[in-house]
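A look at the structure
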Amino acid sequence: MYRVETPVTEEDFEKYFQFRWVMLRKPWNYPPGSEKDEYEQVGHHRMVTDASGQVVAIGRLHFNTPEEAQLRHIAVHPDYQGKGLGKLVVSALESVARSEGIERIVTNSRELSTPFFQSCGFEVVGEGTTELGHLKREQMVKKLTEMNAVMLHPKWCKELQETWHQAIPISEQMGIKLYQYSGRTLEARASLNKNINLHGTMFAGSIFSLATLTGWGMLFLLLKEKGLKGEIVLGDANIHYHKPVTMQPRAICQIESLDGKFEPLSKGKKCPFRLIVELHDQHHPVAEFKGVYWVLPVEDTSEQPKH
Ligand SMILES: CC(C)(COP(=O)(O)OP(=O)(O)OC[C@H]1O[C@@H](n2cnc3c(N)ncnc32)[C@H](O)[C@@H]1OP(=O)(O)O)[C@@H](O)C(=O)NCCC(=O)NCCS
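Residues numbered from 1 in each chain as written. Predicted model: local features only at pLDDT ≥ 70, side-chain atom pairs only at ≥ 80, totals over all residues.

**Side note on the overall build of the protein**
Regarding its fold elements, the protein presents seven helices and 13 strands. Scaling as 2.2 N^0.38, a compact globule of 307 residues should have a C-alpha radius of gyration of about 19 Å, and the protein matches this with 21 Å. Oriented by its inertia axes, the alpha-carbon framework of the protein measures out at about 60 × 50 × 35 Å. The buried share of the protein, reckoned over its 307 residues, is 35%. For the protein, the proportion of contacts with a sequence separation of at least 24, taken over those separated by at least 6, is 64%. (Helix = DSSP H or I, 4+ residues; strand = E, 2+ residues; numbered from the N terminus. Rg over C-alpha atoms; globule rule 2.2 N^0.38 Å. Buried ≥ 20, exposed ≤ 12 C-beta atoms within 10 Å, placed from the backbone. Contact = placed C-beta atoms within 7 Å.)

**Concerning the nonpolar core**
Core analysis: the biggest nonpolar cluster contains 68 residues, and V89 and L219 have the highest contact counts within it. At 11 residues, the largest contribution of residues to this core is made by helix α6 (residues 204–225). Taken domain by domain, this core gets at least three of its residues from each of domain 1 (3–143) and domain 2 (154–296). When near neighbours in sequence (up to four residues on either side) are disregarded, V89 contacts R46, V48, A57, I58, G59 and I74. (Core = buried A, V, L, I, M, F, W, Y, C linked by C-beta atoms within 7 Å. Domains from an automatic or database assignment.)

**Describing the site of the ligand**
Neighbouring the ligand are 17 residues, the closest being Q81, G86, K87, P115 and S119. Looking at the shell around the ligand, the elements that each hand over two or more residues are β4 (68–76), α2 (85–99), β5 (104–110) and α3 (114–119). (Near = placed C-beta within 6 Å.)

**Focus on unusual backbone geometry**
In the Ramachandran plot, N29 falls in the positive-phi region, its phi being about 60 degrees despite a non-glycine side chain. Counting through the fold element by element, N29 comes out in the loop between α1 (10–24) and β2 (44–49). Of note in this structure, H153 is not a glycine but carries a positive phi near 50 degrees. Mapped onto the fold, H153 is located in the loop between β7 (137–143) and α4 (154–167). According to the C-beta neighbour criterion, H153 is partly exposed, with 16 such atoms within 10 Å.

**Let's talk about the sheet that holds strand β8 (residues 177–181)**
As a general point, the strands of a sheet are linked pairwise by backbone hydrogen bonds and lie either parallel or antiparallel. Taken together, the six strands give an open sheet; going across it, the order is β8-β9-β11-β12-β13-β10, and neighbouring strands pair in antiparallel fashion. Among the strands making up the open sheet, the edge pair consists of β8 and β10 (231–241). Strand after strand, the sheet turns through a mean of 25 degrees between neighbouring axes, direction not considered. (Pairing = 2+ DSSP bridges. Axes fitted to C-alpha atoms, helices over the stretch in contact; angles between N-to-C directions.)

**Here we look at the domain arrangement of the protein**
Domain boundaries assigned for the protein yield domain 1 (3–143) and domain 2 (154–296). Taking only C-alpha atoms into account, the centre of domain 1 sits 29 Å from that of domain 2. On the domain 2 side, the residues contacting the seven residues of domain 1 number six residues. The dominant element in the side of domain 1 that touches domain 2, judged by the number of residues it contributes, is α2, at five residues. When grouped by side-chain class, the residues that make up the side of domain 1 that touches domain 2 number three nonpolar, four polar and no charged. (Nonpolar A, V, L, I, M, F, W, Y, C, P; charged D, E, K, R; others polar.)

**Details of the sheet that holds β4**
Pairing within the open sheet is mixed, and its seven strands lie in the order β1-β2-β3-β4-β5-β7-β6. Looking at the sheet topology across the chains shown, the edges are occupied by β1 (3–5) and β6 (123–127). The mean inter-strand angle of the sheet, taken between neighbouring strand axes irrespective of direction, is 25 degrees. Across six bridges, the pairing between β2 and strand β3 (residues 55–63) is antiparallel. Within β3, the residue paired with R46 across the bridge is G59.

**Things to note about α1**
The end-to-end C-alpha distance of α1 is 21 Å, a good match for the 21 Å that 15 residues give at a rise of 1.5 Å each. For α1, the complete set of buried residues consists of Y16, F17, F19, R20 and L24. Around the axis of α1, the buried residues are gathered within 155 degrees of arc, so they sit on the same side. Turned more than 90 degrees away from the buried face of α1, the exposed residues are E10, E11 and E14. Here the buried face of α1 lies against β2, β3 and β4. (Expected span 1.5 Å × (residues − 1). Arc of directions from axis to C-beta.)

**A few points about the environment of H153**
Separated by 131 residues in sequence, H153 and V22 place their C-alpha atoms 29 Å apart. What H153 contacts, discounting residues up to four positions off in sequence, is Y181 and K224.

**Some points on the environment of Q41**
Its location among the elements puts Q41 in the loop between α1 and β2. Separated by 21 residues in the primary sequence, Q41 and H62 place their C-alpha atoms 9.5 Å from one another.

What follows is the structure in structure tokens.
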């Protein structure tokens, strides 16, 4: 089990920078300390740790302007490459950029990493500066649009989207779409126009439905991650509406909000999960949904959402 973490304590940062140095500077005989630059204080740092707490992947994002963010120092331990962890780090950092309203992300990729960044949606736009005196770099850019968020496990995400629309056809009428899944965060969005009320804001029932499906979707993808099958039903929920939605309805479920255990399911027992879905209007929090879902054991593979 891997966790995407934000380094917070001195000890976290020590592990994080040590990993960056070992991966990106030591092989070229640069001394400890050379791995840091002038953006560490203002940058957003993420690290992936394994079950024993060892750092296995890292990355950083900083803002060049209010419209542009830059990715730097992405690295995955050689023993853990090719498992999707690089993409997990990029996805977590891209999510930060999106939540800040950034329009494009740039990076100077080492030539060898160019296919990796291409697979995350970046395009080569020119030659970059040479790194460490000899590593050729390419300038790459990704324009952030509604349609090109990095999705971890795109096949599962497609299946989830189709399940929503087939099992609850009104979700398609409401314009509910899976927007981003990073393994830690799931974001779904809805169309405001399709859910408008007489005040010109989003209908409260639609906000509730968007939140319900987002929480449901998080459990659907986590079951996939764990190779388990289960029928997910909403048992109880409450929602607090703080402000109206007037622009872009977004529902975000963070894995940290999840409380529950999957183990009983593999023994044929149902298990309860509490989770929180935060509702945002563009970048502003507007409502909070707390749901209790039950995952029921099933024999067959069909998983139908219920509400
Ligand atoms: C580049 C790096 C970060 C990629 O991390 P990773 O965890 O191995 O990559 P992932 O497993 O997340 O791969 C994501 C996608 O990129 C593709 N990819 C990764 N490395 C690739 C390569 N060398 N050639 C072609 N495709 C590659 C994968 O096939 C995968 O594609 P998919 O999602 O369509 O299946 C990692 O190899 C690394 O740390 N390299 C050394 C340090 C470095 O060069 N850092 C970049 C500094 S600019």
